[in-house]
Amino acid sequence: MRIQLKSLDEIRLMREAGLVVSSILDEVCAAVAPGVSTWELDKLAAKLIEKHKVTSAFLGYYDYPAVLCTSINEVVVHGIPRKEHVLQDGDIIGIDFGIFKHGFCADSARTILCGDVIESTRKLVDVTRESLNLAIDQCRVGKRLGDIGHAVQTLAESNGYSVVRVFVGHGIGTAMHEDPGVPNYGRANEGKRLKQGLVIAVEPMVNAGASDVEVLDDAWTAVTKDRKLSAHFEHTIAILDDGPWVLTRASSRPGDPGRD
Ligand code: MF3
Ligand code: CO
């Protein structure tokens, strides 16, 4: 599929989708606590989807059975919410969520601390969040795709972590996954040039240990092969002539400094 550049009117519709994603993620993330199951988080998100009269981008996608992906500790991405997955003090959980509104998709993920989390784990989460912020700053007309991956990879590896290679970010629009793929690794000044109207989901997955990942028997849950921790953040970002517009960040205006 070719890259679909969006008009400003289309991007404004995507912003509406992005704001819904941001507000539902706020509520779901606020519900994270020791003793809460990932199934309960999924039910909360499903209820909020109804309230906002939007559609899940995940439920039914290749038969995916939930509206959230809930990825605890060594789970990299695509953890399936389950009643028996009860959060414990000291866990980290990646919560990934996407919807369609006005025919456009928005997709975002955050890694949240559950209770008291040890310093080394908090650092992994902080570095992963920061790697996304550095990547967002590369989302400018005239930069290249490799600049985005390079920003993520450089920060992650300089902290002794590794970036996952088998999953990548993606173009996003009337479909959740559009061209181009957006790797979290790469070389500066290489790859396709970023253009006004390109909308991409950038989603660094950073591992405390090695980058290798394996998928469990449920055919979804991706875990680190060495079972060390992994963190994940994602935003849907429009590339505009005056800078990146983080469509899934409530506070964002072009050029704003980031929060998540
Ligand atoms: N947010 C994920 C992505 O960026 C998609 C989740 S997979 C699904 O690719 F099956 F749950 F949709
Ligand atoms: Co995504």
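Residues numbered from 1 in each chain as written. Chains lettered and ligands numbered in written order. Predicted model: local features only at pLDDT ≥ 70, side-chain atom pairs only at ≥ 80, totals over all residues. Heavy atoms only, no water.

(A) Representation of the overall build of the chain. Tallying secondary structure elements over the chain gives four helices and 15 strands in all. Taken against the 2.2 N^0.38 rule, which gives 18 Å for 260 residues, the C-alpha radius of gyration of the chain at 17 Å falls within 12% of a compact globule. Expressed as lengths along the three principal axes of its C-alpha atoms, the size of the chain is roughly 45 × 45 × 35 Å. A buried classification covers 53% of the 260 residues belonging to the chain. Across the chain, contacts joining residues at least 24 apart in sequence account for 70% of those joining residues at least 6 apart. Per element, the accessible surface of the chain, about 11200 Å² overall, is 50% carbon and sulfur. Here the chain contributes 29 positively and 36 negatively charged side chains, and the mean placements of these two sets differ by 5 Å. (Helix = DSSP H or I, 4+ residues; strand = E, 2+ residues; numbered from the N terminus. Rg over C-alpha atoms; globule rule 2.2 N^0.38 Å. Buried < 20%, exposed > 50% of the residue type's maximum accessible area, 1.4 Å probe, protein only. Contact = heavy atoms within 4.5 Å. Areas by Shrake-Rupley, 256 points an atom, 1.4 Å probe, with all protein chains shown as cover. Lys, Arg positive; Asp, Glu negative; His and termini not counted. Charge placed at Lys NZ, Arg CZ, Asp CG, Glu CD.)

(B) Highlighting the pattern of salt bridges. A complete count under the given rule lists ten salt bridges for this structure. R82 is the partner of D218 in a salt bridge, and the nearest nitrogen-oxygen pair spans 3.5 Å. Of the two residues, D218 is situated in the loop between β11 (213-215) and β12 (222-224) and R82 in the loop between β3 (75-77) and β4 (92-101); the sequence distance between them amounts to 136 residues. Under the relative-accessibility criterion, D218 is labelled partly exposed at 26%. R82 gets classed as partly exposed once you look at its relative accessible area, which sits at 27%. Ionic pairing is found between D126 and R129, a salt bridge with its closest N-O pair at 3.0 Å. Here D126 and its partner R129 are both found in helix α3 (residues 119-137), three residues apart, which amounts to about one turn of the helix. On the basis of relative accessibility, which here comes to 22%, the residue R129 falls in the partly exposed class. (Salt bridge = Lys/Arg side-chain N within 4 Å of Asp/Glu carboxyl O.)

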